[in-house]
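Chain residues, written in single-letter form:
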Amino acid sequence: MSVVPYKDKDGSKREQVAEMFDNISPKYDLLNHVLSGGVDIYWRKRAIKLLKKEQPKVILDIATGTGDFAIEALSLNPEKIYGVDISEGMLAVGREKIAKLGKQDIITLQSGDSENLSFENNYFDAVIVSFGVRNYQNLLAGLTEMNRVMKQGGTCVVVEFSKPRSFPFKQFYNFYFKYILPLIGKTVSKDSSAYTYLPESVQAFPDGEAFLEIYKKAGFKNTKCIPLTFGICSIYTGQK
């Protein structure tokens, strides 16, 4: 059974995730930076640097949320970035940020289902996603869609939470994730379920080698896992 944000409600995981992000969108960026100690900014920068050699011109940012990863991808000097998300609340915040930067001509944010993308085959030079694949209703279906819309030879970069495995950091991290993070998240966002769902979804997510196996099934080759910050987060790369 898949982990969902609101256990007392009906509805698919996709519907519940959209509702959750709509609820927390006004405080999402603040909580992201506070709860990670700002290290999430470094994780995104590190991931985007992996695409520097390739200089992709047309990029798709899946589960774009408030657009942070798409904005970071501007450093690659692309011609166009499309950001797709199922939460209109998150997209509204992202559009405001992009308008302030004056980058609306380069970054377009639009509503869309990551597991059923509206783009044609072999369209993008690169596909990126940060902290989004964990929320897929069907992980293999979502990754297969990412592969479908990317050009032959293109690179897919996935940033996602993973589980630290070394003592004593593993124990400290688990305590923080289970008890401290949900308390702060609930207090700031006013959504008691969203930041309980976060640690539950990370625990249930197939990280490391298990993720690479699914990545390969989706059609990616030359797959690689790069653990960051004691294994709290991992960057996964794959080529079509």
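Fair warning: this is a prediction, and the values are worked out from it, not measured in the lab.

**Observations regarding the pairing of strand β7 (residues 233-239)**
Argument step 1. The buried fraction of β7 amounts to 6 of the 7 residues, a majority that puts the element mostly inside the structure.
Argument step 2. Note: strand β5 (residues 150-161) against β7, 7 bridges, orientation antiparallel. Across the sheet, V157 pairs through a bridge with T237, a residue of β7.
Argument step 3. The sheet contact formed by strand β6 (residues 221-228) and β7 spans 6 bridges and is antiparallel. Bridging from a neighbouring strand, C225 pairs with Y236 of β7.

**Comments concerning helix α1 (residues 13-24)**
Argument step 1. Its 12 residues give α1 an end-to-end C-alpha distance of 16 Å, which sits within 8% of 16 Å, the value for a rise of 1.5 Å per residue.
Argument step 2. Listing the buried residues of α1 in full gives K13, Q16, V17, A18, M20, F21 and I24.

**Brief notes about the pattern of salt bridges**
Argument step 1. Evaluation of the coordinates by the stated rule reveals 15 salt bridges.
Argument step 2. Of the charged contacts, one joins D113 and R14 as a salt bridge, the two residues approaching to 3.2 Å between their closest N and O atoms. Of this pair, D113 sits in the loop between β3 (107-111) and β4 (124-130) while R14 is found in helix α1, placing the two residues 99 residues apart along the sequence.
Argument step 3. Here D113 falls in the partly exposed class, since its relative accessible area comes to 24%.
Argument step 4. Exposure remark for R14: the relative accessible area of 26% places this residue in the partly exposed category.
Argument step 5. Here E145 makes a salt bridge to R148, at a shortest N to O gap of 2.6 Å. With E145 and R148 both in helix α6 (residues 139-149) and 3 residues apart, this pair spans about one turn of that helix.
Argument step 6. With a relative accessible area of 12%, E145 lands in the buried category.
Argument step 7. One salt-bridge network, held together by shared partners, links R14, D113 and E115.

**Looking at the packing of aromatic side chains**
Argument step 1. This structure, assessed with the given rule, holds 19 aromatic pairs.
Argument step 2. Considering the side-chain rings of F119 and Y123, the 6.5 Å spacing of their centres and the 15° angle between planes classify their relative orientation as stacked.
Argument step 3. A ring pair is formed by Y173 and F177, whose centres lie 4.7 Å apart and whose planes are at 25°; its orientation type is stacked. Separated by 4 residues within a single helix, Y173 and F177 lie in helix α7 (residues 169-189), roughly one turn from each other. An identical accessibility class is assigned to Y173 and F177; each is buried.
Argument step 4. Directly above the aromatic system of Y6 lies the positively charged group of K9, at a separation of 4.7 Å from the ring centroid.
Argument step 5. In this structure, K80 packs its charged tip against the face of Y82, placed 5.5 Å from the ring centre.

**So, unusual backbone geometry**
Argument step 1. Of the consecutive residues F167 and P168, the connecting peptide bond is found in the cis state with omega at 0°.
Argument step 2. Inspection of the secondary structure assignment puts P168 in the loop between β5 and α7.
Argument step 3. The phi angle at N122 is positive, at roughly 55°, despite the residue not being glycine.
Argument step 4. Checked against the element boundaries, N122 lands in the loop between β3 and β4.
Argument step 5. One non-glycine residue, N222, lies in the positive phi region at around 50°.
Argument step 6. Assignment of secondary structure puts N222 in strand β6.
Argument step 7. Note on N222: relative accessible area 55%, which makes it exposed.

**A closer look at a positive patch on the surface**
Argument step 1. Residues R46, K49, K52 and K224 make up a contiguous surface patch of positive charge.
Argument step 2. Residue position: R46 is located in helix α3 (residues 39-49).
Argument step 3. Classification of R46 as partly exposed rests on a relative accessible area of 32%.

**So, the environment of P56**
Argument step 1. By the secondary structure assignment, P56 is in the loop between α3 and β1 (58-62).
Argument step 2. Linking P56 and Q239, residues 183 residues apart in sequence, is a C-alpha distance of 13 Å.
Argument step 3. Look past the residues within four positions of P56 in its chain and what remains in contact with it is L51, L76, P78, D125 and A126.

Quick notes on the rules
- Residues numbered from 1 in each chain as written.
- Predicted model: local features only at pLDDT ≥ 70, side-chain atom pairs only at ≥ 80, totals over all residues.
- Heavy atoms only, no water.
- Buried < 20%, exposed > 50% of the residue type's maximum accessible area, 1.4 Å probe, protein only.
- Helix = DSSP H or I, 4+ residues; strand = E, 2+ residues; numbered from the N terminus.
- Pairing = 2+ DSSP bridges.
- Expected span 1.5 Å × (residues − 1).
- Salt bridge = Lys/Arg side-chain N within 4 Å of Asp/Glu carboxyl O.
- Phe/Tyr/Trp six-rings, centres within 6.5 Å; stacked < 30°, edge-to-face > 60°.
- Lys NZ or Arg CZ within 6 Å of the ring centre and 35° of its normal.
- Patch = residues over 30% accessible without salt bridge, like charges linked within 9 Å, V, L, I, M, F, W, Y side chains within 5 Å.
- Areas by Shrake-Rupley, 256 points an atom, 1.4 Å probe, with all protein chains shown as cover.
- Lys, Arg positive; Asp, Glu negative; His and termini not counted.
- Charge placed at Lys NZ, Arg CZ, Asp CG, Glu CD.
- Contact = heavy atoms within 4.5 Å.

From the geometry alone we can't say anything about function, so treat these as descriptive.
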